[in-house]
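Breakdown of the fold
Chain by chain, the residues:
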Amino acid sequence: MSDLKKSWWILGTTIVVAFLILGFFGREVYRQAPPIPERVVTTDGQLVLTKEDILTGQQVWQSTGGQQLGSIWGHGAYMAPDWSADWLHREALALLEIWAERDGAPSFAALVPERQLVLQDRLRKELRANTYDSATGAVKISAERREAIGRTGRHYDDLFGGAAALARLREDYAMQNVAIPDPERRQKLTAFFFWTSWAATTERPNSNVTYTNNWPHEPLVGNRPTSANVLWSIASVILLLAGIGAVVWWSAFRQRAEPAVEPPLTDPLAMIQPTPSMRAIAKYLGVVVALFLVQVLLGAVTAHYTVEGQAFYGFPLAEWIPYSLSRTWHIQTGVFWIATAFLAAGLFLAPAVGGREPRFQRLGVNLLFGALLLVVAGSLAGEYLSIHQQLGLDAGFWFGHQGYEYVDLGRAWQIALFAGLVLWLGLMLRGLAPALAQRDDSRSLVLMFTGASTAIGLMYAAGFLFSARTHLTVMEYWRWWVVHLWVEGFFEVFATAALAFVFARMGLIANAHAGQAVIVSSALFLFAGIPGTFHHLYFAGTPTSIMAVGAVFSAMEVIPLVLIGYEAYRTSRKRYAAPWMERYRWPIRFFVGVAFWNLVGAGLFGFLINPPIALYYMQGLNTTPVHGHTALFGVYGLLSLGLVLLVARFLSGRRAWRETPIAVAFWGTNLGLALMVLLSLLPIGVAQAWASVEHGLWFARSADFLQLPWIETLRWLRIIGDIIFMIGTGALAYFMIGLWTGWSYEPEAATVREGLAGSVPSLGD
């Protein structure tokens, strides 16, 4: 069997085995999810709440922005509390106070230490006891606990309902003054909060571990790391070290076997004549930059709310765009512009790979463009209406806000987006068809590019496998199929194949070698990445087996990132291989930036929070956006911008660019991102981690801690990185506009001096 066939067998086996693991343990997610009781009743038979109350409360939570306002089980926004941890702490304190009152004391704090210890032990036993009856579907609680639930519920009713006494707390949480006007909706919301807390403190049958693997850390009720948590963390570190050593050895061996390639004397890409559909991609580039600008501005607003709560430098902006909405739009526009950049690059490359322009391809490209604009505008408007409570609960899920990060857009808009992806896939396959029919040394590369395109087009459908009332644990399983597999998995494979095609077409690497390298690197990445999805689900109501699989495979996810960093360095050196490569130096630098942040953001900062013991204390803290920003923008953002510049370079013809704005854009965005993390997000995250270990997650997320003066100073320091980042963004927009107007081009005489005379179209031609 040839080496190429072996590579295909490795890739095929890898994908099958990885999805079998994901599917088999996904069955355990369904089977062992925390039960939603039909009824919660007191021991004397009084009804407290029902399953209908809990599920309706889940919909109410979704309508407020869901994970964009506080978090549940650690997943969501970092302003406002984690509602599960906050409810748990408040209910525990309320129950202690009630027992102290029964003892005749004015408060729990007034009791003698010995009596306090007795009541704390009683608290742990009562809250951790599993009284769920699978035959009747009922959970039984004491009358005192019912009273504690009532007291805790009134706090949230006042908080979301606009009670004047909690106005300062709402400002600290960056909440609207009246987030939920309807009293009935507020009551249902408290039922949902109670259930998420109940699952976090109730032990599984025949176990001393809660449904959420003892998360969150809460000393009051005995929530502490499990032994499995510690052991699988150790295993993940050992596997990481072993894997990096293996990859370094394999990479050194492969380098010796790589054939030397003599670069051509002239630019082969200059021979590609842009087709009508390729020229139609220019407007996609404009939308990418416009959405990028909007996202950055929304990010600035969202960050400012962390210090001023309900205003933007004194202006009451939150009356129209509250934190939950600005954060929703910030994330959603980020997903939109990055995805649009990938779709545009694919549509541009498809005719180049296939070698001809399919009939009506330009019409299809234009129709897809209109569909994307409709989805963007419609989904953003629907999210506004939902968060302002202008839609019914069912209508809100379909046309407003689904409530879950990265899949916030209403289900109808999600279906429309999927239809657009299917249209995109059809256009891609039409363009690639001639190349697929050929059996030459580039066939493997074409097949990988086609396979990755197919996965991008179809994998988004995983987001349809949950509904508004799906169990929260099951919903998280499918949501991470979209976020982790669609975005972090197959987009990565697509980008790898696209860049390999470009460099092979430039004559810098051999077609056969490029194809085999993409196959092997994709196999390595997907083998770790597909089951690695489970590292998001350690504490989402899943069993210990999910923690074991997630810890092992997520550690291995870092391994290919080491290889990618090494490959990027070698790629960056290729710009010296021929004089004409200087034309592509800035797209290549963006790709090198991707490799740096892949290693630092996705690798280092990702592994900072991925081992179970680390995530136990840090889930839902500012250490998560450290990883999120450096991975999402540092990797996929810079990759998208590199692809945009590469396409723009082709569409600009032979004209020389004025490159100073690109240099400002590159260094501004990278330096701004680094300062944003090092001056603000990371120090706050580390401080929160200390508070979480010392006192519990509730304290690390509380207003009492986050509004400390020195923490607020750290939040203000973020403005330094934000301003530099915005300068870089503005420089990129200035440059891209100049490609249409002409000011981003050198005079024609300079083009001639560089030996690039010939056709000199602008991007707008």
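This text follows the structure it describes.
Residues numbered from 1 in each chain as written. Predicted model: local features only at pLDDT ≥ 70, side-chain atom pairs only at ≥ 80, totals over all residues. Heavy atoms only, no water.

1. A short note on empty space enclosed by the protein
Enumeration according to the criterion identifies nine cavities of 30 Å³ or more in this entry. The computed volume of the second largest cavity comes to approximately 70 Å³. For the lining of the second largest cavity, the secondary-structure elements that each account for two or more residues are helix 11 (323-354) and helix 16 (472-505). Sorting elements by how many residues they give to the lining of the second largest cavity places helix 16 first, with four residues. (1 Å grid on protein atoms, 1.4 Å probe; cavity = no way out; pocket = protein on both sides within 12 Å on 5 of 7 lines; lining within 4 Å. Points joined across faces, edges and corners; volume = space filled by probe spheres on them. Helix = DSSP H or I, 4+ residues; strand = E, 2+ residues; numbered from the N terminus.)

2. Remarks on the environment of Gly 603
Relative to the elements of secondary structure, Gly 603 occurs in helix 19 (residues 585-609). With 24 residues separating them along the chain, Gly 603 and His 627 place their C-alpha atoms 8.7 Å apart.

3. Side note on the sheet that holds strand 2 (residues 47-50)
Strand order in this open sheet of four strands is 2-1-6-5, and the pairing throughout is mixed. Where the open sheet ends on each side, the last strands, each with one partner, are strand 2 and strand 5 (132-133). By the bridge criterion, three bridges tie strand 1 (residues 39-42) to strand 2 in an arrangement that is antiparallel. Looking across to strand 2, one finds that Arg 39 is bridged to Thr 50. Sheet strands touched by helix 5 (residues 143-161): strand 1, strand 2 and strand 6 (138-141). Its angle to strand 6, the strand with the most contacts, is close to 95°. (Pairing = 2+ DSSP bridges. Contact = heavy atoms within 4.5 Å. Axes fitted to C-alpha atoms, helices over the stretch in contact; angles between N-to-C directions.)

4. Here's the deal with a nonpolar patch on the surface
A surface patch of nonpolar side chains, about 620 Å² in accessible area, is lined by Tyr 313, Val 664, Trp 716, Ile 719, Ile 720, Ile 723 and Ile 727. Among the elements that take part in the nonpolar patch, helix 25 (residues 709-741) stands out by supplying five residues, more than any other. (Patch = residues over 30% accessible without salt bridge, like charges linked within 9 Å, V, L, I, M, F, W, Y side chains within 5 Å. Areas by Shrake-Rupley, 256 points an atom, 1.4 Å probe, with all protein chains shown as cover. Salt bridge = Lys/Arg side-chain N within 4 Å of Asp/Glu carboxyl O.)

5. Some thoughts on the pairing of strand 1
Here strand 1 hands over to strand 2 after four residues, with Gly 45 in that stretch at a positive phi of 95°. Across four bridges, the pairing between strand 1 and strand 6 is parallel. Along strand 6, the bridge assignment pairs Val 41 with Lys 140.

6. Remarks on the pattern of salt bridges
Going through the model one piece at a time under the given rule, you end up with 20 salt bridges. Asp 121 is the salt-bridge partner of Lys 125, the closest N and O atoms lying 3.2 Å from each other. With Lys 125 and Asp 121 both in helix 4 (residues 113-128) and four residues apart, this pair spans about one turn of that helix. The class for Asp 121 is partly exposed, based on a relative accessible area of 32%. Measuring nitrogen to oxygen at the nearest pair gives 2.9 Å for the salt bridge that ties Glu 476 to Arg 479. (Buried < 20%, exposed > 50% of the residue type's maximum accessible area, 1.4 Å probe, protein only.)

7. A word on helix 7 (residues 183-201)
When the terminal C-alpha atoms of helix 7 are compared, their 27 Å separation across 19 residues agrees well with the 27 Å that a helix rising 1.5 Å per residue should span. With 16 of its 19 residues buried, helix 7 lies for the most part within the structure. With a side-chain oxygen positioned 2.9 Å from the backbone nitrogen of Glu 184, the residue opening helix 7 is Asp 182. (Expected span 1.5 Å × (residues − 1). Polar contact = N/O pair within 3.5 Å; in protein donor to acceptor, adjacent residues only side chain to side chain.)

8. Concerning the nonpolar core
Counting residues in hydrophobic clusters, the biggest one holds 228 residues, and the most contacted among them are Trp 83, Phe 160, Phe 193 and Met 736. Take this core: its biggest share by element is 24 residues, from helix 16. In this structure Phe 193 touches Trp 61, Ile 72, Trp 83, Trp 87, Tyr 156 and Phe 160, once residues within four positions along its chain are discounted. Counting 17 residues, the second largest nonpolar core, distinct from the first, contains Leu 88, Leu 96, Ala 100 and Ala 148. (Core = buried A, V, L, I, M, F, W, Y, C linked by side-chain atoms within 4.5 Å.)

9. Focus on the packing of aromatic side chains
Here the distance between the centres and the angle between the planes together describe a pair of aromatic rings. On inspection of all chains with the given rule, the structure shows 52 aromatic pairs. For the ring pair Phe 292 and Phe 725, a centre distance of 6.3 Å and an interplane angle of 80° mean the geometry is edge-to-face. With Phe 292 in helix 10 (residues 282-308) and Phe 725 in helix 25, the pair connects residues that are 433 residues apart, well separated along the chain. The same class applies to Phe 292 and to Phe 725, which are both buried. A connected cluster of aromatic rings, assembled from ring pairs, spans Trp 61, Trp 83, Trp 87, Tyr 156, Phe 160, Tyr 173, Phe 192, Phe 193, Phe 194, Tyr 404 and Phe 466. (Phe/Tyr/Trp six-rings, centres within 6.5 Å; stacked < 30°, edge-to-face > 60°.)

10. Quick word on the packing of helix 22 (residues 660-695) against helix 25
Direction vectors running N to C along helix 22 and helix 25 enclose 165°, while the axes themselves pass 7 Å from each other. The angle between helix 22 and helix 25 places the two elements in the roughly antiparallel class. Considering the relative orientation of helix 22 and helix 25, their crossing is left-handed. Of the residues belonging to the contact of helix 22 with helix 25, the class tally is 25 nonpolar, seven polar and three charged. (Parallel < 35°, antiparallel > 145°, perpendicular 65-115°, else oblique. Left-handed = near helix turned anticlockwise from the far one by under 90°. Nonpolar A, V, L, I, M, F, W, Y, C, P; charged D, E, K, R; others polar.)

11. Quick word on the side chain of Gln 59
In this fold, Gln 59 is placed in helix 2 (residues 51-63). Look past the residues within four positions of Gln 59 in its chain and what remains in contact with it is Leu 393, Asp 394, Ala 468 and Arg 469.

12. Quick notes on unusual backbone geometry
Residue Pro 216 is bonded to the preceding Trp 215 through a cis peptide linkage, with omega at 5°. Note that Pro 216 resides in the loop between helix 7 and helix 8 (227-257). Backbone geometry at Asn 214 places phi at a positive 65°, although glycine is not the residue there. The backbone phi angle of Phe 360 is positive, close to 65°, even though this residue is not glycine. Relative to the helices and strands, Phe 360 resides in the loop between helix 11 and helix 12 (361-387).

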